Amino acid sequence: MTCDFSSLAAPGVRTLQPYQPGKPESELRREYGLSHIVKLASNENPLGPSPKALVAVREALSEIARYPDGNGFSLKTALSSRLNVPITALTLGNGSNDVLELVARAFLTPAHEAVFSEHAFAVYPIVTQAVGAIARIAKANAPDHAMPHGHDLAAMLALITDRTRVIFIANPNNPTGTWLRTLELQSFLEAVPEQVLVVVDEAYFEYVEADSDCPNTLRWFDRFPNLIVTRTFSKAYGLAGLRVGYAVSQPPVADLLNRVRQPFNVNSLALAAATAALDDAEHLERGRALNRAGMNQLQEACRCFGLSWLPSVGNFLCVNVGRSGRELFLALLKQGVIARPVDNYGLPHSLRISIGTEAENARLIEVLGNVLKE
Ligand SMILES: *Cc1c(COP(=O)(O)O)cnc(C)c1O
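Residues numbered from 1 in each chain as written. Predicted model: local features only at pLDDT ≥ 70, side-chain atom pairs only at ≥ 80, totals over all residues. Heavy atoms only, no water.

Visitor: In this structure, what is going on with the site of the ligand? I would like to understand it.
Guide: Neighbouring residues of the ligand: Gly 95, Ser 96, Asn 97, Phe 121, Asn 174, Asp 201, Ala 203, Tyr 204, Thr 232, Ser 234, Lys 235 and Arg 243. With respect to the ligand, the backbone of Asn 97 contributes an N or O atom lying 2.9 Å from an oxygen atom. Compared with its free state, where it exposes 380 Å², the ligand has 93% of that area covered by protein. Looking at the shell around the ligand, its residues break down into three nonpolar, six polar and three charged. (Near = heavy atom within 4 Å. Polar contact = N/O pair within 3.5 Å; in protein donor to acceptor, adjacent residues only side chain to side chain. Areas by Shrake-Rupley, 256 points an atom, 1.4 Å probe, with all protein chains shown as cover. Nonpolar A, V, L, I, M, F, W, Y, C, P; charged D, E, K, R; others polar.)

Pasting the structure below:
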């Protein structure tokens, strides 16, 4: 008799569908024996990290026999002065994914509900279900809306009940790229009852252009005590492999998040790199400029191919490819180009393409053009 461990798992865990990451380059190399591979599947920074971050990592290497600073003092001090919030408002995480999980562990139970949107970032359902809480999923905007497939805040508000503890909002959202404008998000925050925590996930904040009217949610830091803003060093800062992100909330909320945090959840190399990266505005700006140019390059190609796409203020574009996105993904893979199918996000005819360097984008465009003709 072998034991059915599945029947022993917590109910939420038993039926949990794990997160599906972008396909790693090394895996494609192993499977197909390809040498030239372009990965545009995980919204990473094609420029890599700041050289200052690399220097800091090299210096920190000599100390890896020691535990990291469990309070992340240097990084928190730098963030606190950069963001103009108290140190006690900060919670560091092993990626912002970690922080999202801390929110679920601190505030959700099987008796409680979390609200988020259809097509929203896949980590929200996972962290909700893992703690046995109930997910209430709001219908997204219709395809003919000005912000197609974006979050419908009225629909989200309508799902709030006495059992709701957390609302997850990605702004801009991944994988759609769509965003909420300043006034609509403000009205929403005003309408949400104070005992419901609102997580605004700003993983792409550094890429957002001012003219998009996609707000810096921290502007309301003092106004809404139930607000939790999360950000990351994985995207614009080019440190995805080191895993470091953070939450900003009022200190009483941060205190609760820090209680469920592992004592050394952010490693010493990540702490050193993130602190140094914050100091390199020039590198960040180079990444933003590259992203703007690449976004134009990709949109122009899509226009030529007769493909439509969703509005995006991130470093990726969700393109309607007019056929099975997964099949197109596989066809691109064979040519050494990794994009991201988003059928698991309820978008079976789309592909999410990260903006790469000019050469990487050109390769994607060339291969995409060939595959579309077949
Ligand atoms: C990439 C991403 C994150 C976080 O990633 P980490 O690497 O865990 O910081 C969070 N939210 C959204 C919407 C993302 O796209």
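There's more to say after this.
Visitor: Got a minute to help me understand the packing of aromatic side chains in this structure?
Guide: By convention here, two paired aromatic rings are described through the distance between centres and the angle between planes. Following the criterion strictly, the structure yields eight aromatic pairs and no others. Ring centres of Tyr 204 and Phe 316 lie 5.0 Å apart, and the angle between their planes is 65°; this geometry places the pair in the edge-to-face category. Here Phe 316 lies in strand β10 (residues 316-320) and Tyr 204 lies in the loop between β6 (197-201) and β7 (227-232), a separation of 112 residues in the sequence. Directly above the aromatic system of Phe 316 lies the positively charged group of Arg 352, at a separation of 5.8 Å from the ring centroid. (Phe/Tyr/Trp six-rings, centres within 6.5 Å; stacked < 30°, edge-to-face > 60°. Helix = DSSP H or I, 4+ residues; strand = E, 2+ residues; numbered from the N terminus. Lys NZ or Arg CZ within 6 Å of the ring centre and 35° of its normal.)

Visitor: Explain the side chain of Thr 91 here, please?
Guide: By the element assignment, Thr 91 lies in strand β2 (residues 90-93). Here Thr 91 falls in the buried class, since its relative accessible area comes to 0%. Residues contacting Thr 91, with those up to four places away along its chain left out, are Val 99, Leu 102, Gly 245, Tyr 246, Ala 247, Ala 254, Leu 257, Asn 258 and Arg 261. (Buried < 20%, exposed > 50% of the residue type's maximum accessible area, 1.4 Å probe, protein only. Contact = heavy atoms within 4.5 Å.)

Visitor: Teacher, can you tell me more about the pairing of β6 here?
Guide: The side chains of a regular strand alternate between both faces of the sheet. Summarising burial for β6: five of the five residues are buried, a large majority. Burial along β6 is two-sided: the residues Leu 197, Val 199 and Asp 201 and Val 198 and Val 200 are all buried. In this sheet, β7 lies alongside β6 in parallel orientation, the contact comprising four bridges. For Asp 201, the partnering residue across the bridge sits in β7 and is Thr 230. (Pairing = 2+ DSSP bridges.)

Visitor: Mind showing me how you'd approach the domain arrangement of the chain here?
Guide: The parts lose accessible area when they come together, and the size of an interface is often stated as this lost area. Its domain assignment divides the chain into domain 1 (21-48 + 282-373) and domain 2 (51-277). Of note, the centres of domain 1 and domain 2, computed from C-alpha atoms alone, are 25 Å apart. The partner domain 2 presents 29 residues to the 24 residues of domain 1 that form the contact. With both chains or domains summed, domain 1 and domain 2 bury close to 2200 Å², and 64% of this area falls on carbon and sulfur atoms. Of all residues in domain 1, the largest losses of buried area upon contact with domain 2 belong to Pro 311, Val 313 and Tyr 345, amounting jointly to 32% of the total for that side. In this assembly, domain 1 and domain 2 are joined by nine residue pairs in polar contact (both at pLDDT 80 or more). Secondary-structure elements contributing two or more residues to the side of domain 1 that touches domain 2 are α12 (281-305) and β10. The biggest single contributor to the side of domain 1 that touches domain 2 is α12, with six residues. When the residues that make up the side of domain 1 that touches domain 2 are grouped by side-chain class, the tally is nine nonpolar, 11 polar and four charged. (Domains from an automatic or database assignment. Buried area = accessible area lost by both parts, 1.4 Å probe.)

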